[in-house]
Amino acid sequence: MKYYITTPIFYPNASPHIGTAYTTVAADAFARYHRMKGDDVYFLTGTDENAQKIVRTAESKGMDPKRYVDGIVERFKSLWEELDISNDDFIRTTEERHHKVVKALFTKLHDQGDIYKSEYEGWYCTPCETFWPESKLIDGKCPNPDCGREVELLKEESYFFKLSKYQDVLLKHIQEHPEFIQPVSRRNEMIRFIEGGLEDLCVSRTTFQWGIQVPFDPKHVVYVWLDALINYISALGFPDGELYKKYWPADVHLMGKDIVRFHAVIWPIILIALGLPLPKEVYGHGWFLSKEGGKISKSRGNVQDSFELIQRYGSDAIRYFLLHEMQVGTDGTYSEDNLVERLNSDLANDLGNFVSRSLAMIVKYRNGLLPKASEDTALEQELKALSQEVKAKVEERMEALDPAGALESIWRLVARMNKYVDETAPWALAKQENSQARLDQVLHTFAEAIRIFAILCAPFMPKLPGKMLQLLGVDQEMLRWEEADHWDVLPAGIQVEKGQPLFPRIDLSQWKTEGENQNVNQEQNNAQQSTEKLTEQAQDQTSSENQISEGKLEFEPIKEEITIDEFAKIDLRVAKILQAGKVEKTDKLMKLEIEVAGEKRTIVSGIAQHYAPEDLVGKSVVIVANLKPAKLRGIVSQGMILAASQDGVLEVLTVNKDLPGGARVK
Ligand code: MSP
């Protein structure tokens, strides 16, 4: 199947930053995933160069606009290279191949009466490149909640595009194709917007000359959004190009929520007017906000040099962080502290440590030669079932354009594998002569899990699979998506090596000045301390080997004795989870709506790093039902969910028989 995915084309008025990188990294993950699934993928990105703000910025620097954008476009291209973006083309709207198509289509729309000449009198926000009627302004400023800057009064002869004429056809299309605008919140927003009535759109400017000239009236240049949207087909060589014939309509136009309106209203109406097929899906993700809350953007001055970040942490870690932090339908928070915390916990501890520990054991107990698998026990059967579930879930999440959900699923298997290491205790098996076949099976399972992680992580972290497969001593051909839930792929006898830790643990203080250091918050320190033990193993191979052979676990001391009457005061009940969702702007908290004894309650629980919300809905869990309510992040939590945890592995206690919410637990 063909799969055509696009990012917005970026304004090269300033260098790209981590916020703008998100869309491109996410589109890249989808493109890589579809390639692995065997689809014929075309992935387009580029730059939107004919904007008035480009002229303004270039002028303010005393530069010719073209020379100015040439420099910035190179920055975009090299950032994409550094981030391993696998785009098939990069379109610049200053290219002749694009100009040609825009001119032809503008003329066609004019000739068929959909573009007409009139006079525009109203306001324009140059930073947003948007026309606003007076009625929409807020205190005389740009009403875009992310902007709020000064607008300029325009009174000029302009061409207009008859958006209003196509309003009903578009609405019908949106209603008949629920997948056309996603996620649902954006779709509802757009429906409301269109139902509010569309006004004809001003589509040309006469007060500057930078841009694409209207061929039959050269004192006009085409409005930058009309010009920009056309890139999605001009890059394919519309109308006769082979690429156009093969890949149009686009399967996904991916973008931030601020520009869904242009893609879900103006762009489809252009296509409807031209009699061309509409893209299958327009998807608007949230923004990356700074810790203080504002959108990460150049104009807010809260951006960090992306190149420097990649140098410090590596592109895989940056990609992982970005993809993990953006949950469907909400915004993500970016801060270097969060980035490091995520890198240390998920990559260095959970995944990296599993890989180092298990390879170290194959080296130690079998001289690095992968043993043959013997017989599965119930444990391995469980892993197989889980891997099938995880692969299916990753596929479902990737189809739903939810990389965060896909990663969370993969990390369920990562957590399960870490638990498997402790459950099977290979260091103990190694000491018993009659357990050698069992040890072979366990070590083989470790290696298969590493291969599976290499496959599952490949769309998200392109450098990682090569490193993992190299440690296993096998080549890239092993990256076969369909084998991500197979456990008998690696040939016995291959030579594995311990190698270096895949993700060395980062000490943020090494990048900070002394003053900044004092601000590294306590929460992060705590989280780091609790995971310290495992990461030290990953960094220090010698101590890792000792720990492995001893298999020591540090348990919390058992608390002082209580009487049965004291225990009876705790009212434990089965509760059914009706809804679950992450608490915004936190990593750890999940908000759960539960039903207990005929009552609905809200419980906030610190389990968000261990479960995806959809994995919890429908489960029967055990709660402390008579715990005094407490406020967590402004939400009143009416009870507590029981969960078992040790060394970073956490499992919520569930009840499997059909007991109603409210059943006593004692
Ligand atoms: N040039 C237009 C797009 C034209 S597409 C035919 C444009 N460019 S932009 O450079 O301003 O923004 C490009 C994309 O970056 C948008 O999808 C925008 O939402 C996204 N982001 C910019 N800052 C962002 C964050 N802080 N977080 C996430 N995405 C962000 O709009």
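Look up a bit, the structure's there.
Residues numbered from 1 in each chain as written. Predicted model: local features only at pLDDT ≥ 70, side-chain atom pairs only at ≥ 80, totals over all residues. Heavy atoms only, no water.

A. Representation of the overall build of the protein chain in the model. If you tally the helices and strands in the protein chain, you get 23 helices and 24 strands. Relative to the globule expectation of 26 Å for 666 residues, the C-alpha radius of gyration of the protein chain, 28 Å, shows essentially globular dimensions. Along the first, second and third principal axes, the C-alpha atoms of the protein chain reach 90 × 60 × 55 Å. When each of the 666 residues of the protein chain is scored for burial, the buried share is 56%. (Helix = DSSP H or I, 4+ residues; strand = E, 2+ residues; numbered from the N terminus. Rg over C-alpha atoms; globule rule 2.2 N^0.38 Å. Buried < 20%, exposed > 50% of the residue type's maximum accessible area, 1.4 Å probe, protein only.)

B. Fine view of a negative patch on the surface. A contiguous patch of negative charge, built from Glu560, Glu561, Asp565 and Glu566, is present on the exposed surface. For Glu566, a relative accessible area of 39% corresponds to the partly exposed category. (Patch = residues over 30% accessible without salt bridge, like charges linked within 9 Å, V, L, I, M, F, W, Y side chains within 5 Å. Areas by Shrake-Rupley, 256 points an atom, 1.4 Å probe, with all protein chains shown as cover. Salt bridge = Lys/Arg side-chain N within 4 Å of Asp/Glu carboxyl O. Lys, Arg positive; Asp, Glu negative; His and termini not counted. Charge placed at Lys NZ, Arg CZ, Asp CG, Glu CD.)

C. Here's a closer look at the site of the ligand. Around the ligand there are 24 residues in total, and Ile9, Asp48, Gly256, Asp258 and Phe288 lie nearest to it. Here a nitrogen atom of the ligand sits 2.8 Å away from a polar atom, N or O, in the main chain of Ile9. Taking Phe288, its main chain carries an N or O atom lying 2.7 Å from a nitrogen atom of the ligand. Look at the ligand: alone it shows 670 Å² of surface, and the protein chains cover 94% of it. Classifying every residue of the shell around the ligand gives 13 nonpolar, eight polar and three charged. (Near = heavy atom within 4 Å. Polar contact = N/O pair within 3.5 Å; in protein donor to acceptor, adjacent residues only side chain to side chain. Nonpolar A, V, L, I, M, F, W, Y, C, P; charged D, E, K, R; others polar.)

D. Fine view of empty space enclosed by the protein. Evaluation of the coordinates by the stated rule reveals three cavities of 30 Å³ or more. Computed from the structure, the largest cavity encloses a volume of approximately 80 Å³. Looking at the largest cavity, it is lined by 14 residues, and the ones nearest its centre are Tyr22, Tyr283, His285, Leu401 and Pro403. Contributing elements (two or more residues each) for the lining of the largest cavity: α1 (18-36) and β12 (282-285). Element by element, the count of residues in the lining of the largest cavity is highest for α1, at three residues. Grouping the constituent residues of the lining of the largest cavity by class yields nine nonpolar, four polar and one charged. For the second largest cavity, the calculated volume is near 50 Å³. (1 Å grid on protein atoms, 1.4 Å probe; cavity = no way out; pocket = protein on both sides within 12 Å on 5 of 7 lines; lining within 4 Å. Points joined across faces, edges and corners; volume = space filled by probe spheres on them.)

E. Spatial organisation of the sheet that holds strand β5 (residues 130-132). Pairing is antiparallel in the open sheet, where four strands are placed in the order β5-β4-β6-β8. Across the chains shown, the open sheet's two edge strands, defined by having one partner strand only, are β5 and β8 (201-202). Most of the contacts of helix α10 (residues 260-274) go to strand β6 (residues 152-161), to which it runs at about 35 degrees, and overall it touches β5, β6 and β8. (Pairing = 2+ DSSP bridges. Contact = heavy atoms within 4.5 Å. Axes fitted to C-alpha atoms, helices over the stretch in contact; angles between N-to-C directions.)

F. Up close: the packing of aromatic side chains. All told, the structure shown has 27 aromatic pairs when counted by the stated rule. With 4.8 Å between their ring centres and 65 degrees between their planes, Tyr124 and Phe131 make a pair best called edge-to-face. For Tyr124, a relative accessible area of 2% puts it in the buried group. Phe131 gets classed as buried once you look at its relative accessible area, which sits at 11%. Note on Phe238 and Tyr244: the rings are 5.0 Å apart at their centroids and 85 degrees apart in plane angle, and the pair reads as edge-to-face. Comparing Phe238 with Tyr244, the two get one shared label, buried. Following the ring pairs from residue to residue traces out a cluster consisting of Tyr4, Tyr42, Tyr232, Tyr247, Trp248 and Trp267. Note that Lys77 overlies the ring of Phe90, its terminal NZ or CZ placed 5.0 Å from the centroid. A cation sits over an aromatic face here: Lys257 above Trp287, 4.6 Å from the ring centre. (Phe/Tyr/Trp six-rings, centres within 6.5 Å; stacked < 30°, edge-to-face > 60°. Lys NZ or Arg CZ within 6 Å of the ring centre and 35° of its normal.)

G. Quick look at the sheet that holds strand β2 (residues 40-47). Spatially, six strands are ordered β3-β2-β1-β11-β12-β7 in an open sheet, and the strand pairing comes out parallel. At either margin of the open sheet sits one strand with a lone partner, and together these are β3 (89-92) and β7 (181-182). In the sheet, β7 pairs with β12 via two bridges, with the strands oriented parallel. For Gln182, the partnering residue across the bridge sits in β12 and is Tyr283. Docked against the sheet, α10 engages β7, β11 (252-256) and β12, running at close to 140 degrees with respect to β11.

H. Spotlight on helix α14 (residues 378-399). Given a rise of 1.5 Å per residue, 22 residues ought to cover 32 Å, and the 32 Å separating the end C-alpha atoms of α14 matches this to within 8%. Those residues of α14 that fall on the buried side of the exposure criterion are Glu380, Leu383, Leu386, Ser387, Val390, Lys391, Lys393, Val394, Glu395, Arg397 and Met398. Looking at the buried positions of α14, the neighbouring elements they touch are α1, α15 (403-424), α17 (436-457) and α23 (613-616). A positive phi of about 60 degrees marks Leu401, the residue just after α14. (Expected span 1.5 Å × (residues − 1).)

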